[in-house]
Amino acid sequence: MNLNVGSTPVGRLAPSPTGLLHLGNAWSFLLAWLSCRSQSGRLILRIEDIDPVRSRARFSQQIIDDLQWLGVDWDEGPDQEGKNGPYVQSARKTFYAEAISRLQSGGDVYPCFCTRKDLKGLASAPHNDDVGPVYPGTCRHLSETDRERRIAKGDRYSLRFRVQDAVFLFRDQIYGEQRLLPSDFGGDFALLRSDGVVSYQLAVAIDDSLMGVSEVVRGRDLLFSTPRQLLLLRALGMPEPSCFMHVPLLLDSSGERLAKRHSSLSLVSLRTSGIRADEVIGFLAFLAGCNPSCSPLFARDLLRRFSRDSLPRRDCRLCPQIWSRFFPSVPCP
Ligand code: GLU
């Protein structure tokens, strides 16, 4: 069941308030905004603060300020209530609890008693870094009696989703047809941690569906999350987004992904060093293949120029020559 086929696209911006937005985040949010707005779509801002340890309210506010500074706007969000709220995941826990109990009744979930240490032991096996080690199914095969005995004994457990042993197919707008085996995306995956924290996969899948999101645009490090999220929605019989576009990542000049540790590349510090939003957007537009003249541009100027076809197909490594044309006062990371 696809959402919104043939009607106005609904996109989303889904930042996690675990730190300051950096240039790499600005890149994927700008592309999500452009893809949706260039089709006259509606956008939702959803704050993904499901992890209580890493999330901070002050980052949520800063993210809102940074996106506004960039000229990336939305129609519904924590600052602009609409019919799909609440827009902060920590306020949506009842939706997640209801989904988990439906999955439990359908037999799609089992308790997993593997400890962090057990799972860490798997990390030495070859695996995809974006996914983590493949879960070997240890607790999938426990007998009902063993499960009950361990629960009665007070052993801590998480809940895992049982992934069918079948090829999963979907189409990505950048990376094309995907034909994935469960082992490509980690096998059975966690829905609820033993400390009661809901997993990213569950929260995002439920929210995208309930909020009527038809188009998901995000970094390609989340490509292997798509089969997990779609499998969950199919098990629940819930509508699913119809369009997925995973975008290449920005890398520093040594080939490392841009991350929070590149603190000079946070939007806050670029702003503090006197960089303007149209300079940041001009640079990102150059990388997106829609600013060959390297001019400063505002986000709204890009709406007419944007095309998915001109986007790079590979991660973009920042190179000092290009960088210094845009940001001569900031050393190239
Ligand atoms: N909140 C996630 C992150 O910041 C992104 C989720 C998504 O786009 O699906 O990494």
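The preceding data block contains the structure.
Read on for a plain summary of the structure. It should be emphasised that the depicted structure is a prediction, and the values quoted were computed from it without experimental measurement.

1. A few points about the site of the ligand
- The full set of residues close to the ligand is Arg12, Ala14, Ser16, Glu48, Tyr200, Val204, Arg218 and Leu222.
- Here a nitrogen atom of the ligand sits 2.6 Å away from a polar atom, N or O, in the side chain of Glu48.
- In the environment of the ligand, an oxygen atom lies 2.8 Å from a nitrogen or oxygen atom belonging to the side chain of Arg218.
- Relative to its unbound accessible surface of 300 Å², the ligand loses 75% to contact with the protein.
- The residue inventory of the shell around the ligand, partitioned by class, reads 4 nonpolar, 1 polar and 3 charged.

2. Observations regarding the packing of helix 1 (residues 23-37) against helix 9 (residues 277-287)
- The N-to-C vectors of helix 1 and helix 9 enclose an angle of 70°; their axes lie 10 Å apart at closest approach. Classified by the angle their axes make, helix 1 and helix 9 are roughly perpendicular. Judged by the sense of rotation from one axis to the other, the crossing of helix 1 with helix 9 is right-handed. Two secondary-structure elements touch here, helix 1 through Leu23, Ala26, Trp27 and Leu30 and helix 9 through Val280, Ile281, Phe283, Leu284 and Leu287.

3. Examining the packing of aromatic side chains
- For the structure on display, the rule yields 11 aromatic pairs.
- Taking NZ or CZ as reference, Arg160 lies 3.7 Å from the ring centre of Tyr135, over its face.
- Directly above the aromatic system of Phe298 lies the positively charged group of Arg300, at a separation of 5.1 Å from the ring centroid.

4. Quick word on helix 9
- Across the 11 residues of helix 9, 10 count as buried, placing the element largely inside the fold.
- Looking at the buried side of helix 9, the elements it contacts are helix 1, helix 2 (57-70), strand 10 (250-251), helix 8 (267-272) and helix 10 (320-326).
- The first or second residue beyond helix 9 is Gly289, which carries a positive phi of 80°.

5. A word on the nonpolar core
- One finds Leu23, Trp27, Leu30, Leu31, Phe283 and Leu284 to be the most contacted residues of the largest nonpolar core, which totals 51 residues.
- Of the residues forming this core, the biggest block, 10 residues, is contributed by helix 1.
- Sequence-distant contacts of Leu23, defined by excluding residues within four places in its chain, comprise Leu250, Leu258, Leu265, Leu267, Leu270, Val280, Phe283, Leu284 and Trp323.
- Membership of the second largest hydrophobic core comes to 36 residues, among which are Ile44, Tyr96, Leu232 and Met238.

About the thresholds
Residues numbered from 1 in each chain as written. Predicted model: local features only at pLDDT ≥ 70, side-chain atom pairs only at ≥ 80, totals over all residues. Heavy atoms only, no water. Near = heavy atom within 4 Å. Polar contact = N/O pair within 3.5 Å; in protein donor to acceptor, adjacent residues only side chain to side chain. Areas by Shrake-Rupley, 256 points an atom, 1.4 Å probe, with all protein chains shown as cover. Nonpolar A, V, L, I, M, F, W, Y, C, P; charged D, E, K, R; others polar. Axes fitted to C-alpha atoms, helices over the stretch in contact; angles between N-to-C directions. Helix = DSSP H or I, 4+ residues; strand = E, 2+ residues; numbered from the N terminus. Parallel < 35°, antiparallel > 145°, perpendicular 65-115°, else oblique. Left-handed = near helix turned anticlockwise from the far one by under 90°. Contact = heavy atoms within 4.5 Å. Phe/Tyr/Trp six-rings, centres within 6.5 Å; stacked < 30°, edge-to-face > 60°. Lys NZ or Arg CZ within 6 Å of the ring centre and 35° of its normal. Buried < 20%, exposed > 50% of the residue type's maximum accessible area, 1.4 Å probe, protein only. Core = buried A, V, L, I, M, F, W, Y, C linked by side-chain atoms within 4.5 Å.

Note that every value here comes from positions in space, so none of it alone points to a role or purpose.
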